[in-house]
Amino acid sequence: MTTATAATAASRTNSPRPEKHRPDKPETTEPRQNPPTFLSDPYPTLARMRQSAPVSVLHSDGGLRLWIIPRYVDVRAALFDRRFAQDVRRAQALADSRVEGVNLGTEITHMLSSDPPDHTRLRRVVQAAFSRKRVEAMRPMVERITLELLDGLDAAAARHTTRTTTATVDLVRDFAFPLPILVVCELLGFPPEDRDLYRKWSTAIVTQEGDHAAFRRAVQEMGSYVLAIADRRIRRNDRPVDLLTELLAARERGELTDDEIVGMVALLLIGGHETTVNLLGTSCLALLRDPGQAAWLRADLTRMPRAVEEFLRYDSPICMATTRFTTEPVDVGGVEIPQDEFVLLSLGAANRDPARFQDPDRLILDRRDAGHLAFGGGIHRCLGALLGKLETEIALTALLARFPGTTLACQERDLRWRNTMMLRGLEALPLTLRR
């Protein structure tokens, strides 16, 4: 689970396009909007960056300089290096000293936008909820939600299929989005009927698309919503067994503030579905592109856990990790990044690095090397990694078992991708369901 509050202004900005550079200097790119070709397939550009230099420099539309690290060995090292900090308030002050109008999301306080000791305190409050034992205990609930959604697809197919037509569904809208958001709703004890609200807030917070007013409005609306639910529980002395109750208990112990509860819920609501939504969409598309790999998987669906690790590597749902900044000069592959510089770690580029993975641009579901960085690493490694993998394993297994002959219901060139450098996900995935 992850969110983009500290990375939005950076990750939404431009598609890096390598230019000629001297070997002793990082390549530099000029600001430009994300072109459709980069959104649909960023990997050729990321490969050129990886081959050209250990570090590239991108200037955002607002003029903020961003250093991008694309190589696996350097990305992995940086994920564990405390010299790359993430405290959003310090980052905002640094950005304000450089350019005007950059919003890094100081309105939300959570683990991804904090450094120790605050990060340690915040993560400790919720980490038990995502232990291996607790996540495995969620399996029956995830299976139930998955089957209910598939039954809904079945019913829709029956209503709209005739002798001459077959049913088309949007996998993102009808399956990939509702599954993880319904799981998070049960985890938090939130009303599932409000899931479209959560998606609206998530889109405004994660992508921004230059609309800072929409970002702030989404944060304010979400904050009011969360605190209203908390207040109702306290007034009614209603304490169900869920994560929100645990957060309120932590507040009573003096371990969390109201703002931190809102930030934690935002992180769980947004991060708790964004990764899985993206992963389900790109995984299905990858199988449709590669009938041989799809047949290998359908032949034995117990192979799914191994396949999910490869889906995570092959098309990482988070292409750029949340923005960091250097607290002192850092050498990366012979290039020195000065102190107080903003840095993006390209998880997508690292996971396609031929220096680390053999034949990295091929989907190989039987790949035995699960050393991908899709969930990050270090103290900020995705807290919900186990839950995201469980959801994906259950969802893809059930989907392939019920509709093994499913095909793409449009030309691949017509697919729309989310307009952000950070997230790697489809806006929609039209499918024709076939048993």
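I will try to describe carefully the structure that is included in this document. For clarity, every value in this text was computed on a predicted model and none was experimentally measured.

We now examine the overall build of the protein. Secondary structure summary: the protein contains 18 helices and 11 strands in total. Among the 435 residues that make up the protein, the fraction classed as buried is 58%. In the protein, the proportion of contacts linking residues at least 24 apart, taken out of those at least 6 apart, comes to 73%. Of the roughly 17800 Å² that the protein leaves accessible, carbon and sulfur atoms contribute 49%.

Time to look at the sheet that holds strand β5 (residues 168–170). Strand order in the open sheet formed by 3 strands is β5-β11-β10, with antiparallel pairing between adjacent strands. A single partner strand is all that each edge strand has here, and the edge strands are β5 and β10 (407–408). The pairing of β5 with strand β11 (residues 430–432) spans 3 bridges and is classified as antiparallel. Paired with Thr168 across the bridge in β11 is Thr432.

With that settled, consider helix α15 (residues 291–298). Within α15, burial applies to Gln293, Ala294 and Leu297. Axial view of α15: buried residues confined to an arc of 100°, hence all on one face. Buried positions along α15 lie against α14 (258–289), α16 (304–314) and α18 (385–402).

With that settled, consider the nonpolar core. One finds Ile69, Phe190, Val265, Phe311 and Leu429 to be the most contacted residues of the largest nonpolar core, which totals 120 residues. For this core, the leading source of residues is α14, giving 16 residues. The contact partners of Phe190, leaving out residues within four places of it in the chain, are Cys185, Tyr198, Tyr225, Val226, Ile229, Leu244, Val265 and Leu269. In terms of nonpolar packing, the next biggest core, distinct from the first, is built from 23 residues, Leu46, Leu64, Leu94 and Val102 among them.

On to the environment of Pro191, then. Note on placement: Pro191 falls in the loop between α10 (178–188) and α11 (195–207). In the structure, Pro191 is positioned 38 residues away from Ile229 in sequence and 9.8 Å away in space, judged by C-alpha atoms. Excluding its chain neighbours within four sequence positions, the residues that come into contact with Pro191 are Cys185, Tyr198, Tyr225 and Ile229.

Moving on to the side chain of Thr406. Mapped onto the elements, Thr406 comes out in the loop between α18 and β10. If sequence neighbours within four positions are ignored, Thr406 has contacts with Leu288, Leu431, Thr432, Leu433 and Arg434.

The geometry of α14 relative to α18 is characterised by a closest axis approach of 10 Å and an angle of 40° between their N-to-C directions. Crossing of α14 against α18: the hand is right-handed. Residue-level contacts link Gly272, Thr276, Leu279, Leu280, Ser283, Cys284 and Leu287 of α14 to Gly388, Glu391, Thr392, Ala395, Leu396, Leu399 and Leu400 of α18. Partitioned by chemical class, the residues of the contact of α14 with α18 number 8 nonpolar, 5 polar and 1 charged.

Glancing now at the pattern of salt bridges. A complete count under the given rule lists 33 salt bridges for this structure. A salt bridge links Arg98 to Glu341; its shortest N-O distance comes to 3.8 Å. Residue Arg98 is found in the loop between α5 (88–96) and α6 (118–126), and its partner Glu341 is found in the loop between β8 (335–337) and β9 (342–345); the two are separated by 243 residues along the sequence. Judged by its relative accessible area of 4%, Glu341 is buried. Of the charged contacts, one joins Arg239 and Glu252 as a salt bridge, the two residues approaching to 2.7 Å between their closest N and O atoms.

Now for the packing of α16 against α18. Relative to each other, α16 and α18 sit at 115°, their axes nearing to 10 Å. Looking at the two axes, α16 sits roughly perpendicular to α18. The way α16 lies across α18 gives a crossing that is right-handed. Residues Met304, Pro305, Val308, Glu309, Phe311 and Leu312 of α16 pack against Lys389, Thr392, Glu393, Leu396, Thr397 and Leu400 of α18. Residues belonging to the contact of α16 with α18 are distributed by class as follows: 7 nonpolar, 2 polar and 3 charged.

Turning next to unusual backbone geometry. With an omega of 10°, the peptide bond running from Pro116 to Pro117 counts as cis. Checked against the element boundaries, Pro117 lands in the loop between α5 and α6. The phi torsion at Asp340 lies on the positive side, around 65°, for a residue other than glycine. Classification of Asp340 as partly exposed rests on a relative accessible area of 29%. Within the chain, Asp359 stands out as a residue other than glycine whose phi angle is a positive 50°. By secondary structure assignment, the location of Asp359 is in the loop between α17 (347–350) and α18.

Glancing now at the packing of aromatic side chains. Considering all chains together, one arrives at 6 aromatic pairs under this definition. When the ring of Tyr72 is compared with that of Phe357, the centres are 5.6 Å apart and the planes differ by 85°; the resulting orientation is edge-to-face. Here the residue Tyr72 occupies a position in helix α4 (residues 72–79), and Phe357 occupies one in the loop between α17 and α18, the gap between them amounting to 285 residues. Each member of the pair, Tyr72 together with Phe357, is buried. Between Phe190 and Tyr198 the ring centres are 6.3 Å apart and the planes differ by 50°, which places this aromatic pair in the tilted class. A relative accessible area of 4% means that Phe190 is categorised as buried. Each residue in the set Phe190, Tyr198, Trp201 and Tyr225 is aromatic and connected to the rest through ring pairs, giving one cluster. Arg356 extends its terminal NZ or CZ atom over the ring of Phe357, reaching a point 4.7 Å from the ring centre.

Criteria and cut-off values
- Residues numbered from 1 in each chain as written.
- Predicted model: local features only at pLDDT ≥ 70, side-chain atom pairs only at ≥ 80, totals over all residues.
- Heavy atoms only, no water.
- Helix = DSSP H or I, 4+ residues; strand = E, 2+ residues; numbered from the N terminus.
- Buried < 20%, exposed > 50% of the residue type's maximum accessible area, 1.4 Å probe, protein only.
- Contact = heavy atoms within 4.5 Å.
- Areas by Shrake-Rupley, 256 points an atom, 1.4 Å probe, with all protein chains shown as cover.
- Pairing = 2+ DSSP bridges.
- Arc of directions from axis to C-beta.
- Core = buried A, V, L, I, M, F, W, Y, C linked by side-chain atoms within 4.5 Å.
- Axes fitted to C-alpha atoms, helices over the stretch in contact; angles between N-to-C directions.
- Left-handed = near helix turned anticlockwise from the far one by under 90°.
- Nonpolar A, V, L, I, M, F, W, Y, C, P; charged D, E, K, R; others polar.
- Salt bridge = Lys/Arg side-chain N within 4 Å of Asp/Glu carboxyl O.
- Parallel < 35°, antiparallel > 145°, perpendicular 65-115°, else oblique.
- Phe/Tyr/Trp six-rings, centres within 6.5 Å; stacked < 30°, edge-to-face > 60°.
- Lys NZ or Arg CZ within 6 Å of the ring centre and 35° of its normal.

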